Amino acid sequence: MMMPLASAPLHMALFLPWLPSERALLAQAVAPDVPFALIEKQRGALRLVAVDRRAARLGLTPGLPLADARARVPELVSLPHAPEADAALLGKVVRLCGDFTPMAAPDPPAGVLCDMTGCAHLFGGKEALRAEAARRVGALGLSVRVALAATGEAALALARFGGEDVRALPIEALAAGEDVRVALARAGFRTLGELMAQPSAPLAARFGAELVRLLARLAGEEGKPMTPHRPPDPVRAEMRFAEPVGRTGDVLDAIEALAGQAALLLARRGEGGRAFAVRLHRSDGHVARLTVETGAPTRDPALLLRLLRERIDSLADPLDPGFGYDSIDLVVPRADRLEERQQGLTQEADPAERDMAALLDRLAVRHGAGAILRLAGEDSHVPERAGHLAPYRAETPFDPPPPQAGEPPTRPLLLLDPPQQVEVLASVPDGPPRLFRWRDRAWRIVRQEGPERIAPEWWRRADGHDGNPGLSRDYYRAEADSGHRFWLFRHGLYERETSDPRWYVHGLFA
Amino acid sequence: MRSDSILAIPSKDKRGAGAPVPSVLLALGAERVDAELGGGLKGDGLHEFYAARGEDGISALGFALGVAARRQAQDGRPLLWLRLSKGPAARALPYGPGLAELGLSPRQLTLLLLPDGKALLRAGLDAVRSGAPGVVLLDMQGPCPLLDLTASRRLALAAEETGTMVLLARGGARPAPSAAHSRWEVAAAPSPAREGNMPDAPAFALTLLRHRGGRDGLACTLAWDRDGGLFCDAQGREDGQAPASRPFHPVAANDWREAG
């Protein structure tokens, strides 16, 4: 009696049919209730690359020129196609599949393949595994189809085209070239089953040996080795001591040596660290952790040491070496690409910018990265969206429109968040303000300009399309007799939106 | 063969480490005021801008930002703006589009929000000593007992060492003895008249309370001309009429001069 040496091969494939559109929805790049498409310039025309469910139901398909799609569905919203963002989200799904098997790999653009040979019973069998995988990916907010089959190709084909039997799949499921598929269709083949029933020698002679191999893989007769996705190990350097080390100077020397080693490893990978973690293992088992983050990737040991010194200085509860440290290790949990730069007669591109980055890193270590902010903004008419503060490490280039020459500032220097309600006297309910009370003082307005009417962004409201778009704001720039300048707005149009519009101070001009 | 002249190119990095950088005067733009100041404000100095009254904090800040914008145009290094993250300052936040309309580049501006005066002074001193920003603006509302003569002297010395301009915008605080190179009292002023009776460019009623090595007691009204990137005299356009909210403390001004 022969026992099988290994369990039967089993592959699980996940297919995310709406990956690009769901990614856009998750990023809140578009309102959830309008049909939209992701577009890209192809062959000189803007074409749809992916559509969302709503647009698909309206008959729009990828490949259609945007102009044709707009002619059919005028309210179609278009967004730029972002393949990198899709790939990043797919990578997230791959990492999630790492919970099921170490052998998980992306199958771009929208599939994930996992080798589940010998693992399925750990999750309660095939059906339970399939349900669990669908549930976990569904929790990310993505629709997914999961299929299990002996070979990867078969699983992927079943996940993409649905069904239980590879033989019932249409010949489009064949990962062969377009010309082969056209030729097969002309020859009258409609399903894979019909192809598989044919003797392989004539098929190979007419359509190429590749087709026969593909069929064998789909039928589960031949497996293809897969390359699993493996995250690279983080850079790590360690130093052990024969005798425990206790003096701060010695510890820092050791860290400097470790930083030098880490720098070499990072240089070999062409990377620079964005975060560094030093662990000091005390002889009694206590582990002290020091972490620093940098704004730009770096592998400069001197800079790292400066940041760590700053971190040690700012520790609420100082480092206690006790009987000394047995070992110290340095890990770089986060790294980014950093190309080797040429050192030469000319200085690096912009020393001022680099100095500033170094200063901000130091300040971030002491005061927290959240304390350092940059001005950011979006392309919006709503003032609080047009300008806000963002973490300085976020890459948000912000270029507000250049001011109009000869015109005074139309936007305030400081924006009150939230706007403060004030009592206003106006000559007529929908007229400009004359007098208002704010901070226990009456301000008599002698000069004003307005209104600048800013309509609400109804598409951001859940019921915005349904007769509840929000209130318009009428902004006035007002100057009091004392010379102070304010940005006031009336919330709601009198009699059209509300009978009793309220007034707010939203900003202060210099 | 290397040429000595190439190797001798002075590097900006060495600022602070090597010989002190000679002082540069920063003219405000209004000729009459610059003449009174003997050419302008000390580019690598410490300058204080006190709000005349509680509600003039925004004017002191606005004037300091105008000076910062001029300094950036002269020097090119970025602006670091330190502000308190608690108290009244937390309810009004710097607004990018408005700053851009004052002529400040949002890309060249970094904001640091700190919980108290102590952290703010410490971070400010660190920043000035590093020499990376060209202007450090310490924006402090309310009294700060830690900012005494010693603290301001540290700031002034570090400023000279690294060629950084340090601006202190103070609201809700009485002027105190300090090592500042100039000290101004700023109040809001009606903007220059404009057709259609609409508010115009920012205008400031200024009193020079102290000017190290120069005359003090200068009073003027300046308006900020964003397109030219300079301050211009607003008094001419006001027909010589003094702004309504003009405070005047002749006696107190003398006290402060001695104190510094």
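Remember, predicted model here, so these are calculated numbers, not experimental data.

Caption draft 1: Here's a closer look at helix H6 (residues 149–162) of chain B. Residue and element names in this part refer to chain B. Look at H6: 20 Å from first C-alpha to last across 14 residues, which is about the 20 Å you get at 1.5 Å a residue. Considered for burial, the residues of H6 that qualify are Ala151, Ser152, Leu155, Ala156, Ala158, Ala159 and Thr162. End-on, the buried residues of H6 take up no more than an arc of 165°, which puts them together on one face. In this structure, the buried side of H6 is in contact with strand E3 (46–51), helix H5 (117–130), strand E7 (135–141) and strand E8 (165–171). Directly beyond the C-terminal end of H6, a positive phi value near 70° is found at Gly163.

Caption draft 2: View of empty space enclosed by the protein. Applying the stated rule across the entire model yields 4 cavities of 30 Å³ or more. Computed from the structure, the largest cavity encloses a volume of approximately 70 Å³. If you trace the largest cavity, you find 13 residues lining it, with A:Pro409, A:Arg411, A:Phe509, A:Ala510 and B:Pro202 closest to the centre. For the lining of the largest cavity, the class distribution of residues is 9 nonpolar, no polar and 4 charged.

Caption draft 3: Quick peek at the packing of helix H1 (residues 19–26) of chain A against helix H4 (residues 83–97) of chain A. Residues and elements named next belong to chain A. At their nearest, the axes of H1 and H4 sit 10 Å apart, and the two run at 90° to each other. By the angle between their axes, H1 is roughly perpendicular relative to H4. For the pair formed by H1 and H4, the contact residues are Leu19, Pro20, Arg23 and Leu26 on the first element and Ala85, Asp86, Leu89 and Leu90 on the second. Among the residues making up the contact of H1 with H4, the classes are represented as 6 nonpolar, no polar and 2 charged.

Caption draft 4: Molecular detail of the domain arrangement of chain A. Segmentation of chain A into domains returns domain 1 (1–164), domain 2 (235–344) and domain 3 (414–509). On a C-alpha basis, the centres of domain 1 of chain A and domain 2 of chain A stand 41 Å from each other.

Caption draft 5: Structural context of the pattern of salt bridges. All names here are of chain A. Using the criterion set out here, one finds 43 salt bridges over all chains in the structure. For Arg473, the salt bridge is made with Glu384, and the minimal N-O distance between the two is 2.7 Å. Here Arg473 is found in strand E17 (residues 473–480), whereas its partner Glu384 is found in helix H14 (residues 383–386), with 89 residues between them in sequence. Of the charged contacts, one joins Arg477 and Glu449 as a salt bridge, the two residues approaching to 2.7 Å between their closest N and O atoms. Of this pair, Arg477 sits in strand E17 while Glu449 sits in strand E16 (residues 441–454), and the two are 28 residues apart along the sequence. On the basis of relative accessibility, which here comes to 6%, the residue Arg477 falls in the buried class. Connected through salt bridges with shared partners, the residues Arg236, Glu238, Arg240, Arg279 and Asp329 form a single ionic network.

Caption draft 6: Inspection of the packing of aromatic side chains at higher detail. All told, the structure shown has 16 aromatic pairs over all chains when counted by the stated rule. Centre to centre, the rings of A:Trp438 and A:Trp443 are 6.4 Å apart; their planes meet at 45°, and the pair counts as tilted. Through a chain of ring-to-ring contacts, three or more aromatic side chains come together here, namely B:Phe49, B:Phe63, B:Trp184, B:Phe204, B:Trp224 and B:Phe231. Its end group placed over the ring of A:Trp443, A:Arg441 keeps NZ or CZ at 4.0 Å from the ring centre. For the cation-ring pair, A:Arg473 lies above A:Phe489, with the distance from its terminal atom to the ring centre recorded as 5.0 Å.

Caption draft 7: Representation of the interface of chain A and chain B. If you look at the interface, chain A gives 61 residues, while chain B gives 62 residues. For the pair chain A and chain B, the summed buried surface comes to about 5,400 Å²; carbon and sulfur atoms form 62% of the total. The largest per-residue losses of area from chain A upon contact with chain B belong to A:Leu375, A:Leu413 and A:Arg447, which jointly make up 13% of the total buried on that side. Put simply, A:Arg441 and B:Glu55 hold a salt bridge, and the shortest N to O gap is 2.5 Å. Applying the counting criterion to the chain A and chain B interface returns 21 residue pairs in polar contact (both at pLDDT 80 or more).

Caption draft 8: Examining the sheet that holds strand E4 (residues 77–80) of chain A more closely. All names here are of chain A. Pairing within the open sheet is mixed, and its 3 strands lie in the order E3-E2-E4. Only two strands of the sheet have a single neighbouring strand rather than two, namely strand E3 (45–51) and E4. When strand polarity is set aside, the average angle formed by the axes of neighbouring strands in this sheet is 45°. Pairing between strand E2 (residues 36–42) and E4: 4 bridges, direction parallel. Residue pairing for E4: Leu38 is matched across the bridge by Leu79. On top of the sheet, H1 reaches E2, E3 and E4; it is set at about 115° to E2, its chief contact.

Parameters and conventions
Residues numbered from 1 in each chain as written. Chains lettered and ligands numbered in written order. Predicted model: local features only at pLDDT ≥ 70, side-chain atom pairs only at ≥ 80, totals over all residues. Heavy atoms only, no water. Helix = DSSP H or I, 4+ residues; strand = E, 2+ residues; numbered from the N terminus. Expected span 1.5 Å × (residues − 1). Buried < 20%, exposed > 50% of the residue type's maximum accessible area, 1.4 Å probe, protein only. Arc of directions from axis to C-beta. Contact = heavy atoms within 4.5 Å. 1 Å grid on protein atoms, 1.4 Å probe; cavity = no way out; pocket = protein on both sides within 12 Å on 5 of 7 lines; lining within 4 Å. Points joined across faces, edges and corners; volume = space filled by probe spheres on them. Nonpolar A, V, L, I, M, F, W, Y, C, P; charged D, E, K, R; others polar. Axes fitted to C-alpha atoms, helices over the stretch in contact; angles between N-to-C directions. Parallel < 35°, antiparallel > 145°, perpendicular 65-115°, else oblique. Domains from an automatic or database assignment. Salt bridge = Lys/Arg side-chain N within 4 Å of Asp/Glu carboxyl O. Phe/Tyr/Trp six-rings, centres within 6.5 Å; stacked < 30°, edge-to-face > 60°. Lys NZ or Arg CZ within 6 Å of the ring centre and 35° of its normal. Buried area = accessible area lost by both parts, 1.4 Å probe. Polar contact = N/O pair within 3.5 Å; in protein donor to acceptor, adjacent residues only side chain to side chain. Pairing = 2+ DSSP bridges.

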